[in-house]
Amino acid sequence: MRLKRLLPLAALCIVALPLHARDYVDIQNRLTPEQMKATGLDQLSSEQLQLLNSLLDEDRKAVVEEVRKERRDDGPRVTGTLFGSDGLQPVASALAANSLKGWSRGTVFTLENGQRWRVIDGEYYAGKPLGNAKVTVSPGKISGWYLQVEGHNPRPKVQRAD
């Protein structure tokens, strides 16, 4: 069936839409008449187009919710004084270890508040122990979490280790 072959392509188009897009735009309003003809969508009845749009909108909503869930899971999992109710507030603490001289992928930072964060991107060698340096773990502008060690410019991308 032609519709089954087009669903993965249409789902890919949905993923490419900005996550903040609030309203679903019908497929026939996104494609030119030439594209509708080339994909065979021009041969669908209005009921079939309505069903396709409904399926694509449901899929878009599921993808958006999954991405939002992943973003929430990537950071702090508790609420309280250090975190807002959405779990996306910066974390301020200090390093618990005083022998750390830098980091690379896989390095785990243990903070005085008990949290453990693993470096997933970035490396840095300080040369001297970082001591009980103050750190801030904050969400990135687009995605992920970044750890800032006071007095050091590189900010490794991190994720919760526990």
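Novice: Would you mind going over the environment of Q115 with me for this structure?
Specialist: Tracing the backbone through its elements, the reader meets Q115 in the loop between strand 3 (108-110) and strand 4 (116-121). Counting along the chain gives 45 residues from Q115 to R160, while the straight-line C-alpha distance between them is 7.7 Å.

Novice: Hey, could you run me through the sheet that holds strand 4 in this one?
Specialist: The strands making up a sheet associate through hydrogen bonds between their backbones, and the pairing can be parallel or antiparallel. Strand order in the open sheet formed by 6 strands is 1-6-7-8-4-3, with antiparallel pairing between adjacent strands. Strands with a single pairing partner mark the edges of an open sheet, and in this sheet they are strand 1 (91-94) and strand 3. Direction aside, the axes of adjacent strands within the sheet are offset by 35 degrees on average. Of the strand pairs in this sheet, strand 1 and strand 6 (residues 134-139) are connected by 4 bridges, and their pairing is antiparallel. Counted as the bridge partner of S93 is V135 from strand 6.

Novice: Any chance you could explain the nonpolar core here in plain terms?
Specialist: Side chains of nonpolar character tend, in soluble globular proteins, to be buried together. L95, F109, L111, V137, L147, V149 and V158 are the most contacted members of the largest nonpolar core, which totals 16 residues. Elements with a contribution of two residues or more to this core: strand 4, strand 6 and strand 7 (145-149). Per-element accounting of this core gives the leading share, 3 residues, to strand 7. The residues contacting V149, other than those within four sequence positions of it, are W103, L130, A133, K134 and V135. Ranked by size, the runner-up nonpolar core spans 8 residues in total, among them I27, M36, L41 and L44.

Definitions and cut-offs
Residues numbered from 1 in each chain as written. Predicted model: local features only at pLDDT ≥ 70, side-chain atom pairs only at ≥ 80, totals over all residues. Heavy atoms only, no water. Helix = DSSP H or I, 4+ residues; strand = E, 2+ residues; numbered from the N terminus. Pairing = 2+ DSSP bridges. Axes fitted to C-alpha atoms, helices over the stretch in contact; angles between N-to-C directions. Core = buried A, V, L, I, M, F, W, Y, C linked by side-chain atoms within 4.5 Å. Buried < 20%, exposed > 50% of the residue type's maximum accessible area, 1.4 Å probe, protein only. Contact = heavy atoms within 4.5 Å.

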